[in-house]
Amino acid sequence: MIIKASGLTKRFGNQTALDKISFEIGQGQIFGFLGPSGSGKTTTINILTGQLLATEGSAEIFGKASQELTSEDLSKIGIVSDTSGFYEKMTLYKNMLVYAKFYGVSRERVDELLRSVGIYESKNKPAKNLSTGMKQRMLLARALINQPQVLFLDEPTSGLDPSTSRIIHDLLLELKAKGTTIFLTTHDMHEATLLCDHLALLHQGKLVETGSPTGLIKKYYTDKKVVVTYQDGSTKEIIYNALRTLETPAIETIHSCEPTLEDIFITLTGGKLNV
Ligand SMILES: Nc1ncnc2c1ncn2[C@@H]1O[C@H](COP(=O)(O)OP(=O)(O)OP(=O)(O)O)[C@@H](O)[C@H]1O
Ligand SMILES: [Mg+2]
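Residues numbered from 1 in each chain as written. Chains lettered and ligands numbered in written order. Predicted model: local features only at pLDDT ≥ 70, side-chain atom pairs only at ≥ 80, totals over all residues.

A. Summary view of the overall build of the protein. The helix and strand tally for the protein stands at 9 helices and 13 strands. Each principal axis of the C-alpha distribution contributes one length, and for the protein these read about 70 × 45 × 30 Å. Split into buried and exposed, the 275 residues of the protein put 35% on the buried side. Taking the contacts inside the protein whose residues are at least 6 apart along the sequence as the reference set, 66% of them involve residues at least 24 apart. (Helix = DSSP H or I, 4+ residues; strand = E, 2+ residues; numbered from the N terminus. Buried ≥ 20, exposed ≤ 12 C-beta atoms within 10 Å, placed from the backbone. Contact = placed C-beta atoms within 7 Å.)

Laid out in structure tokens, this is it:
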């Protein structure tokens, strides 16, 4: 296992932000950590990456306790979060070069990364003048400079337009194909379904469900309903097993009413995810 959390608990004063969270993430997996605002996603990333101490339980990366990660271990880990800083007055390109120099990486690699996230053309803009989406992509490109084996992404596509999100999704799938392990927090159910091998649904600091996107959808598709649309435009909701008793010639389409991850989250918590 590349990442492991066992009974992770974090209290801030008398508030319990994380309550006995456990999960394991294998190499090359994209693990989606889903939960509404304040559910403990960033706190979990901070503990796993050794930036915050857990009150109880343990967190490990590469089989090593998170609080004992050395700078060499950390050089194999990329982190993108909203607290990732950058030099505002320097250009996008200079921001990248500072990191590239630190890791002994060539300009060619920097150029390649900027092209892969679609911001090469903006490289001479001062970082402070970049749009939110460009800043996010700069931080992602920067986190990839040293070819990390593990990547922590805290809502990497929040506030991005669909085509820019798509560029990031494709890049993440490419990284996964190369064996990178990715821990991703998101509010975006579509993104989670599309990218993640495994999901953990977090609510008020507790893991309320885990599983693969298809596994979870199957698990909560209990009433097995389908909607049949007839050629005359009328529709009928029936249970799946009753399908074979229908007169097929008049049927135009059949849609199964599988729950979305959003539906599942509402079932489990009584609330929406993106609040
Ligand atoms: N340093 C801190 N001191 C006190 N409370 C904190 C601290 N960091 C986080 N918390 C609290 O812990 C809870 C979880 O916060 P966290 O930032 O992990 O949520 P999140 O799931 O990342 O939310 P969001 O989607 O808004 O980023 C919140 O109630 C927050 O107020
Ligand atoms: Mg957060």
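B. Just the site of ligand 1, in detail. For ligand 1, the full set of nearby residues is Phe 12, Ala 17, Gly 35, Ser 37, Gly 38, Ser 39, Gly 40, Lys 41, Thr 42 and Thr 43. The dominant element in the shell around ligand 1, judged by the number of residues it contributes, is helix α1 (residues 41–48), at 3 residues. Taken together, the residues that form the shell around ligand 1 break down as 2 nonpolar, 7 polar and 1 charged. (Near = placed C-beta within 6 Å. Nonpolar A, V, L, I, M, F, W, Y, C, P; charged D, E, K, R; others polar.)

C. Summary view of the environment of Leu 151. Structurally, Leu 151 is set in strand β7 (residues 150–154). C-alpha separation for the pair Leu 151 and Arg 166, spaced 15 residues apart in sequence, amounts to 18 Å. Excluding anything up to four places from it in sequence, Leu 151 contacts Gly 78, Ala 143, Leu 175, Thr 180 and Ile 182.

D. How the structure looks around the environment of Thr 55. Turning to its location among the elements, Thr 55 is positioned in the loop between α1 and β4 (56–61). Placed 43 residues apart in sequence, Thr 55 and Phe 12 show a C-alpha to C-alpha distance of 8.8 Å. Those residues in contact with Thr 55 that sit more than four places away from it in its chain are Thr 9, Lys 10 and Arg 11.

E. Geometry of the sheet that holds strand β11 (residues 225–230). Spatially, β12-β11-β13 is the arrangement adopted by the 3 strands of the open sheet, whose pairing is antiparallel. Each of the sheet's edge strands pairs with one partner strand only, and the pair in question is β12 (235–239) and β13 (251–256). The sheet shows a mean angle of 25° between the axes of neighbouring strands, direction not considered. Note: β11 against β13, 5 bridges, orientation antiparallel. The partner of Val 227 across the bridge, within β13, is His 255. (Pairing = 2+ DSSP bridges. Axes fitted to C-alpha atoms, helices over the stretch in contact; angles between N-to-C directions.)

F. View of the packing of helix α3 (residues 92–103) against helix α5 (residues 132–144). At a minimum axis distance of 9 Å, the contact between α3 and α5 shows a crossing angle of 20°. As far as their axial angle goes, α5 and α3 are roughly parallel. The two elements α3 and α5 cross, and the hand of that crossing is right-handed. Contacts between α3 and α5 involve Leu 92, Asn 95, Met 96 and Tyr 99 from the first element and Met 138, Ala 141 and Arg 142 from the second. Per-class residue counts for the contact of α3 with α5 are 5 nonpolar, 1 polar and 1 charged. (Parallel < 35°, antiparallel > 145°, perpendicular 65-115°, else oblique. Left-handed = near helix turned anticlockwise from the far one by under 90°.)

G. Spatial organisation of helix α4 (residues 107–116). Within the span of α4, buried status applies to Val 110, Leu 113 and Leu 114. On an axial view of α4, the arc spanned by its buried residues comes to 100°, and they lie on one face. Of the surrounding secondary structure, the elements contacted by the buried residues of α4 are α3 and α5. In the segment just after α4, Gly 118 is the residue with positive phi, at about 75°. (Arc of directions from axis to C-beta.)

H. Looking closely at the sheet that holds strand β5 (residues 64–65). In space, the 4 strands of this open sheet follow the order β2-β1-β4-β5, with antiparallel pairing throughout. Taken across any chain shown, the strands that pair with only one partner, and hence form the sheet edges, are β2 (15–25) and β5. The pairing of β4 with β5 spans 2 bridges and is classified as antiparallel. If you follow Ile 61 over to β5, its bridge partner there is Lys 64.

I. Examining the pairing of β7 more closely. Across the 5 residues that make up β7, a large majority, 5, are buried. Across the two faces of β7 the burial is the same, with Val 150, Phe 152 and Asp 154 and Leu 151 and Leu 153 all buried. Strand direction decides the pairing type here: strand β6 (residues 77–80) and β7, joined by 4 bridges, are parallel. Bridge assignment links Ile 77 to a residue of β7, and that residue is Val 150. Taken together, the 5 bridges between β7 and strand β8 (residues 181–186) define a ladder with parallel strand orientation. Within the sheet, the bridge partner assigned to Asp 154 lies in β8 and is Thr 185. In this fold, the crossover linking β7 to β8 by way of helix α6 (residues 162–177) has right-handed handedness. (Right-handed = clockwise from strand over helix to strand, strands pointing away.)

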